[in-house]
Amino acid sequence: MLCSFVLAVSAGKALRASVGLALSGQTTFLCSHGVAVDVRLRKSGQQASDLIFLCFRINITRNMQTFVILCGVVATVRADWPLLCAAGTGGNPDARCPASATCCRSMFSQNMLGCCPWANATCCGNGLTCCPSGTKCVDNKPAGYPSWGFVTTCEPTDSLSAAGNVTGVAVCKYGPPLPASTTVKNVLIIGDSVSIGYTPFVASALASVALVQHAPWGGDGGAEETAYGVQCLDYFLHSAAGVPFKADLVMFNWGLHDGPQLFNQPPANVTIPGQEGPMSAYVPELTNITTRLQAYAKDTGAKLLFAITSPMLANVQADNDVLELNRRAAAIMADAGVPTVNLHSAVVGKCGAAPQPTCFNHPDCFSPHCSAEGYAWLANSTIAPAIRSQLGV
């Protein structure tokens, strides 16, 4: 069932779990499947603000003049996410973007949508990158590179334009799909595809004490390289509908996409926006991310935990690069006072140092990915205990 209706609320009148209201045509409510309502509520003398309601029952008269709504406010939506990319379906939230951004296709986002950080941008046909307004997308993918291994050049569409070419950026994926729990702790894991692999097992291990979700909401390399993290961190901390996510703990990680050669192609230390970045950029960009997460933690009361990057067990050179990045990350976290959990040491302690062709009976395990058995072991032996310790549960 989809229903829309309008409502006005008298200035200063509190919203309660049960309230009868009269329609007046001032404010729009959207009810999706009788479960969630996106609300624009205007009070006298105030600007409109966005709210999300959890609705238990809605009665609407036949002539659409009066209704009764049983609901409670569960979240506030950022007022600067006015762009509706797509209405939510199947229990998923709406997809929105800030006024300063543009809705674009993002093929590795769970809902296939995301936000380009430029207003009125050109969304590239590749489904991954975007360009500033007034430019067109020109992709370049060297021979042998995977399907995502291209760099987009943004060329002016007006031949008389004085603007030069710029490099396109990857479309930002959204943050967690579910609203924060009101009954247990909320844990947000921000990280790469390895973290996508172990997050379900962490969620299972902590189910009695925490709701564990991953950001960004999607697949591929997750939070990718640190440059993508700098660009998209704010999106990772909001739902697709623009709702700020209030976590009790954020565990975050970057490293595998910041220089080490993960596969046959591309080589080490290439720059592919939204996929790979060079080791030389790691320290300043991870420092930027950490500083911003500390500000988030100060505002929300969240605890932070950095996950020292898991190894590349089958490739000695790549693992040496990971170890070097881990040394740099450990120094950043020590300076910032952010506790760490060492995934590299845990895996090496179980499987042995690189090179290891197999572990958990899985070829190339943790190089970079592993089997469900390996992810479950890492979650239960190392990650979940560290999170429990930080949360005190």
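Going by the structure above, here's the rest.
We now turn to the structure provided with this report. Since the structure is predicted, the reported quantities are computational estimates derived from the model, not experimental observations.

**Focus on unusual backbone geometry**
Backbone phi values are negative for most residues with the exception of glycine, while trans is the configuration of most peptide bonds.
1) Next: In this chain, Q265 is followed by P266 through a cis amide linkage whose omega measures 0 degrees.
2) Next: Along the chain, P266 turns up in the loop between β19 (249–252) and α3 (282–300).
3) Next: One non-glycine residue, N120, adopts positive backbone phi at about 50 degrees.
4) Next: Relative to the helices and strands, N120 resides in the loop between β10 (113–116) and β11 (122–123).

**Digging into the nonpolar core**
1) Next: Among the nonpolar cores identified, the biggest contains 42 residues, and I190, F236, V250, F252, W254, L286 and F306 are the most heavily contacted of them.
2) Next: Secondary-structure elements contributing two or more residues to this core are β8 (95–97), β10, β17 (185–190), α2 (226–236), β19, α3, β20 (303–308) and α4 (316–336).
3) Next: If sequence neighbours within four positions are ignored, W254 has contacts with I190, A223, E224, E225, T226, G229, F236, Y282, L286, I289, F306 and T309.
4) Next: A318, V322, L378 and I383 belong to the second-largest nonpolar core, a separate cluster that totals 37 residues.

**Focus on the pattern of salt bridges**
Pairing of side chains with opposite charge becomes possible as their charged atoms draw close.
1) Next: Counted according to the given criterion, the structure contains 4 salt bridges.
2) Next: Measuring nitrogen to oxygen at the nearest pair gives 3.0 Å for the salt bridge that ties E324 to R327. Taken together, the residues E324 and R327, both in helix α4 and 3 residues apart, mark about one turn of the helix.
3) Next: A relative accessible area of 25% places E324 in the partly exposed class.
4) Next: Of the charged contacts in the structure, one is a salt bridge between R328 and E324, with a shortest N-O distance of 3.0 Å. One end of the pair, R328, and the other, E324, are both in helix α4, 4 residues apart, so they sit about a helical turn from each other.

**A few points about the packing of helix α5 (residues 343–351) against helix α6 (residues 372–391)**
1) Next: Taken N-terminus to C-terminus, the directions of α5 and α6 make an angle of 125 degrees; their axes are 11 Å apart at the nearest point. As the angle between them shows, α5 and α6 are arranged oblique. With respect to the hand of their crossing, α5 and α6 are arranged in right-handed fashion. In this structure, α5 uses L343, A346, V347 and K350 to contact α6, whose residues at the interface are W377, L378, T382 and I383.
2) Next: Of the residues assigned to the contact of α5 with α6, the class counts are 6 nonpolar, 1 polar and 1 charged.

**Here we look at the sheet that holds β17**
1) Next: Taken in spatial order, the 5 strands of this open sheet run β18-β17-β19-β20-β21, and their pairing is parallel. What marks the edges here is a single partner per strand, and that holds for β18 (210–215) and β21 (340–342). Across the sheet, the axes of successive neighbouring strands diverge by a mean angle of 20 degrees, strand direction being ignored.
2) Next: Strand direction decides the pairing type here: β19 and β20, joined by 4 bridges, are parallel. Residue V250 lies in a different strand from β20, and its bridge partner there is L304.
3) Next: Each of β17, β18, β19 and β20 touches helix α1 (residues 193–205); the most contacted strand, β18, lies at about 170 degrees to it.
4) Next: Taken strand by strand, α5 contacts β20 and β21, and its axis lies near 20 degrees from that of β21.

**Some details on the environment of N342**
1) Next: Within the fold, N342 resides in strand β21.
2) Next: Note on N342: relative accessible area 33%, which makes it partly exposed.
3) Next: Taking the C-alpha atoms as reference points, N342 and I383, 41 residues apart in sequence, are found 8.9 Å from one another.
4) Next: A distance of 3.1 Å separates a polar side-chain atom of N342 from the backbone nitrogen of H344.

The rules we used
Residues numbered from 1 in each chain as written. Predicted model: local features only at pLDDT ≥ 70, side-chain atom pairs only at ≥ 80, totals over all residues. Heavy atoms only, no water. Helix = DSSP H or I, 4+ residues; strand = E, 2+ residues; numbered from the N terminus. Core = buried A, V, L, I, M, F, W, Y, C linked by side-chain atoms within 4.5 Å. Buried < 20%, exposed > 50% of the residue type's maximum accessible area, 1.4 Å probe, protein only. Contact = heavy atoms within 4.5 Å. Salt bridge = Lys/Arg side-chain N within 4 Å of Asp/Glu carboxyl O. Axes fitted to C-alpha atoms, helices over the stretch in contact; angles between N-to-C directions. Parallel < 35°, antiparallel > 145°, perpendicular 65-115°, else oblique. Left-handed = near helix turned anticlockwise from the far one by under 90°. Nonpolar A, V, L, I, M, F, W, Y, C, P; charged D, E, K, R; others polar. Pairing = 2+ DSSP bridges. Polar contact = N/O pair within 3.5 Å; in protein donor to acceptor, adjacent residues only side chain to side chain.

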